[in-house]
Amino acid sequence: MEVTQSKQKKKFVFPHSYTLIFCLIIAAAILTWIIPSGQFETVVENINGTEKTTVIPGTYHQIAKAGYGQGIGAILKAPAAGIISAVEVVAFVLVVGGAFGVILKTGAVDRALFSLATSLGDKGILVIPLSMVLFSLGGSTFGMSEEVIPLFAVFISLMFSLGYDSMTAILILFLGTQVGYVGSTINPFNVLIAQGVAGVHGNPLLWYRVICWVILTIISIVFTMNYARKVKTNPESSIVYASDQLVKNKFQNFQQDQPFSSGDKLIVAGFIGGLGVMIWGIIVQGWYMVEISALFVALALFAGVVAKFGQKKIAEAFVEGCADFAYAAVIIGLARGVLVILENGMIIDTILNSLATLLGGLPKAMFSTILLGAQVLVTFFVPSSSGAAALTMPVMAPLGDLLGINRDVIVLSNQFGNGLMNIISPTGGVLLAGLAIAEINFSKWFKVGLKAFGILTVAAAILLYVATLF
């Protein structure tokens with residue numbers, strides 16, 4: 001019998017983001033049965049006005065495994081437990097998403113961006129370096145991260161108007177703030193807490209941190225501009241070309257022939273003023289998600305009134321906005337479920353203790369490189385920069401003493417490793433939120449982000465080794 005059809009190899013399809021995270025939850029649960037459970041003794045300290053739980057070096061001890069292995073029940077509970085654990089972030093994303101739905105429904109922001117793109121013409125690419133410097137500076141100084149979630153929709157629309165793609169917007173916002181984290185100078189959640197835990201007084205390497213920030217930010221800007229130029233030259237070369245064709249209407253659902261009216265200008269002015277208030281509130285008043293959410297609700301009501309929306313239209317637009325951001329909100333909670341499993345399995349401290357033992361006694365050059373890799377690995381399990389600092393610094397800082405390395409260099413490795421891993425981590429809430437808003441599969445980001453991660457990691461490894469020579 002003649003075979004008329006040839007066998008074709010099935011093309012690998014990268015799993016859906018929800019599937020990927022659920023697989024990580026399962027993998028984490030399996031590890032809780034393999035890796036011994038253990039813990040460090042801890043003490044609660046006031047570090048720069050913030051209470052943090054710090055582990056005491058040399059106090060690690062294993063504990064009985066009974067009761068800590070995470071089974072099927074724990075796996076099934078992890079998604080809900082993760083969402084509950086991350087409820088503040090989830091609520092923030094939904095409320096801001098709903099508020100943004102009202103603001104975008106007016107069409108004012110879209111018409112403003114279209115007008116800006118038209119006036120810039122060929123100089124539109126300058127938006128990239130200017131924006132990335134600002135976002136990187138925000139990440140470096142006050143830990144700007146979740147605050148950019150409301151801006152994803154704006155920048156995606158702007159990039160479309162300038163002839164780029166949604167991935168360019170992700171690079172500007174996420175890579176911009178993340179490289180700021182990598183090159184943190186006075187970031188309280190990254191540098192200052194880590195220095196406090198490590199017993200570093202002042203900021204002795206501040207001058208070097210500034211140099212690192214400049215170098216790493218320039219690298220990220222060049223990377224993003226090269227990507228943007230390729231897309232501008234050949235739009236079909238975009239890695240997200242197909243998905244962008246499906247979502248463009250969501251971000252550019254306005255009539256281009258409609259003039260940019262005085263009402264539009266008032267709404268945009270209010271929005272820009274609101275962003276200014278947000279920055280002031282974060283830096284001066286210590287605002288976080290609840291206060292920022294309240295600000296965006298006020299902006300939404302202002303925009304709805306100026307656009308002469310009735311109460312029903314404002315409410316419906318808010319619901320539509322929540323729906324657009326629901327995917328992003330849920331995925332943040334699911335990602336937290338991985339950490340819930342690891343914490344309940346009591347294996348995080350065991351992993352940290354093993355890394356500390358591995359790194360002890362290595363030559364300086366090898367130590368700095370492996371230390372960076374170790375901090376990258378730790379961040380996969382503990383995405384929070386302050387959490388990673390509180391866990392690793394008491395263990396890693398004494399290693400620096402043994403090798404004659406400044407403890408602030410150990411702090412530098414923490415900020416490098418934490419920021420770098422979060423560039424490609426499938427559990428990073430801000431990244432997943434941005435990808436969800438743009439409707440980009442994580443595999444698409446991974447192909448682009450991995451290149452940026454590789455380049456920045458090499459640069460960070462060199463900068464860290466140079467720091468050990470001081």
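Given the structure is predicted, the values throughout are model-derived calculations rather than measurements.

A. Main features of the packing of helix H6 (residues 152-162) against helix H7 (residues 166-182). With their axes 8 Å apart at the nearest point, H6 and H7 run at an angle of 135° to one another. In this view, H6 runs oblique relative to H7, as classed from their interaxial angle. Considering the relative orientation of H6 and H7, their crossing is right-handed. Here Phe152, Phe155, Ile156, Met159 and Phe160 of H6 come into contact with H7, specifically with Ser166, Thr168, Ala169, Ile170, Ile172, Leu173 and Phe174.

B. Region of the structure containing the layout of surface pockets. By volume, the second largest pocket amounts to about 740 Å³. Taken together, 24 residues form the lining of the second largest pocket, with Ser131, Phe135, Phe155, Ile272 and Leu275 sitting closest to its centre. Listing elements by their share of the lining of the second largest pocket, those giving two or more residues are helix H4 (108-120), helix H5 (127-142), H6 and helix H11 (262-285). Element by element, the count of residues in the lining of the second largest pocket is highest for H5, at eight residues. Its residues assigned to classes, the lining of the second largest pocket comprises 21 nonpolar, three polar and no charged.

C. Expanded view of the packing of H7 against helix H9 (residues 206-233). For the pair H7 and H9, interaxial distance at closest approach is 9 Å and the crossing angle is 170°. On the basis of their axis angle, the class for H7 and H9 is roughly antiparallel. Mapping the contact onto sequence places Met167, Thr168, Leu171, Ile172, Leu175, Val179, Gly180 and Val182 in H7 and Trp213, Leu216, Thr217, Ser220, Phe223, Thr224, Tyr227 and Ala228 in H9. Partitioning the contact of H7 with H9 into residue classes produces 11 nonpolar, five polar and no charged.

D. Region of the structure containing the side chain of Ser184. Examined against the element boundaries, Ser184 turns out to sit in the loop between H7 and helix H8 (188-198). The residues touching Ser184, leaving out its near neighbours within four places in the chain, are Gly139, Ser140, Asn190, Val191, Arg209 and Gln415.

E. Here's a closer look at helix H12 (residues 289-306). The end-to-end C-alpha distance of H12 is 26 Å, a good match for the 26 Å that 18 residues give at a rise of 1.5 Å each. Among the residues of H12, those classed as buried are Met289, Ile292, Ser293, Leu295, Phe296, Leu299, Ala300, Ala303 and Gly304. The first or second residue beyond H12 is Lys308, which carries a positive phi of 65°.

F. Expanded view of unusual backbone geometry. Within the chain, Lys308 stands out as a residue other than glycine whose phi angle is a positive 65°. Note on Lys308: relative accessible area 76%, which makes it exposed.

G. Focus on a nonpolar patch on the surface. A surface patch of nonpolar side chains, about 820 Å² in accessible area, is lined by Trp207, Ile211, Ile215, Val458, Ile462, Tyr465, Val466, Leu469 and Phe470. Listed by contribution, the elements that provide at least two residues to the nonpolar patch are H9 and helix H19 (442-468). The element best represented in the nonpolar patch is H19, accounting for four residues. With respect to the secondary-structure elements, Val458 resides in helix H19. A residue is classified by how much of its surface remains accessible, and Val458, at 51% relative accessible area, is exposed.

H. Expanded view of the confidence of the model for the protein. Across the protein, pLDDT averages 81, with 83% of residues at or above 70. Mean pLDDT per element in the protein: strand E3 (residues 50-55) is the minimum at 57, and H9 is the maximum at 95. Every residue in residues 1-7 scores below 50 in pLDDT, and together they form zero contacts with partners more than four places removed in sequence or on other chains.

I. Inspection of the pattern of salt bridges at higher detail. Summed over all chains, the structure comprises two salt bridges. The shortest N-O distance in the salt bridge between Glu320 and Lys105 comes to 3.6 Å. Of this pair, Glu320 sits in helix H13 (residues 311-344) while Lys105 sits in helix H3 (residues 87-105), placing them 215 residues apart in sequence. The class of Glu320 is partly exposed, set by a relative accessible area of 41%. For Lys105, a relative accessible area of 40% gives the class partly exposed.

J. Focus on the packing of aromatic side chains. Applying the stated criterion across every chain, the model contains seven aromatic pairs. A centroid spacing of 6.5 Å and a plane angle of 70° characterise the contact between Phe271 and Phe296, whose relative ring orientation is edge-to-face. With Phe271 in helix H11 and Phe296 in helix H12, this pair connects stretches of sequence that are 25 residues apart. The buried category is assigned to Phe296, whose relative accessible area is 1%. A centroid spacing of 6.0 Å and a plane angle of 35° characterise the contact between Phe442 and Phe446, whose relative ring orientation is tilted. Here Phe446 and Phe442 lie together in helix H19, a separation of four residues that amounts to about one turn. According to the relative accessible area criterion, Phe446 is partly exposed, its value standing at 30%. Among the aromatic residues, those joined into a cluster by ring pairs are Phe100, Phe271 and Phe296.

Cut-offs used in this document
- Residues numbered from 1 in each chain as written.
- Predicted model: local features only at pLDDT ≥ 70, side-chain atom pairs only at ≥ 80, totals over all residues.
- Heavy atoms only, no water.
- Axes fitted to C-alpha atoms, helices over the stretch in contact; angles between N-to-C directions.
- Helix = DSSP H or I, 4+ residues; strand = E, 2+ residues; numbered from the N terminus.
- Parallel < 35°, antiparallel > 145°, perpendicular 65-115°, else oblique.
- Left-handed = near helix turned anticlockwise from the far one by under 90°.
- Contact = heavy atoms within 4.5 Å.
- 1 Å grid on protein atoms, 1.4 Å probe; cavity = no way out; pocket = protein on both sides within 12 Å on 5 of 7 lines; lining within 4 Å.
- Points joined across faces, edges and corners; volume = space filled by probe spheres on them.
- Nonpolar A, V, L, I, M, F, W, Y, C, P; charged D, E, K, R; others polar.
- Expected span 1.5 Å × (residues − 1).
- Buried < 20%, exposed > 50% of the residue type's maximum accessible area, 1.4 Å probe, protein only.
- Patch = residues over 30% accessible without salt bridge, like charges linked within 9 Å, V, L, I, M, F, W, Y side chains within 5 Å.
- Areas by Shrake-Rupley, 256 points an atom, 1.4 Å probe, with all protein chains shown as cover.
- Salt bridge = Lys/Arg side-chain N within 4 Å of Asp/Glu carboxyl O.
- pLDDT = per-residue confidence, 0-100.
- Phe/Tyr/Trp six-rings, centres within 6.5 Å; stacked < 30°, edge-to-face > 60°.

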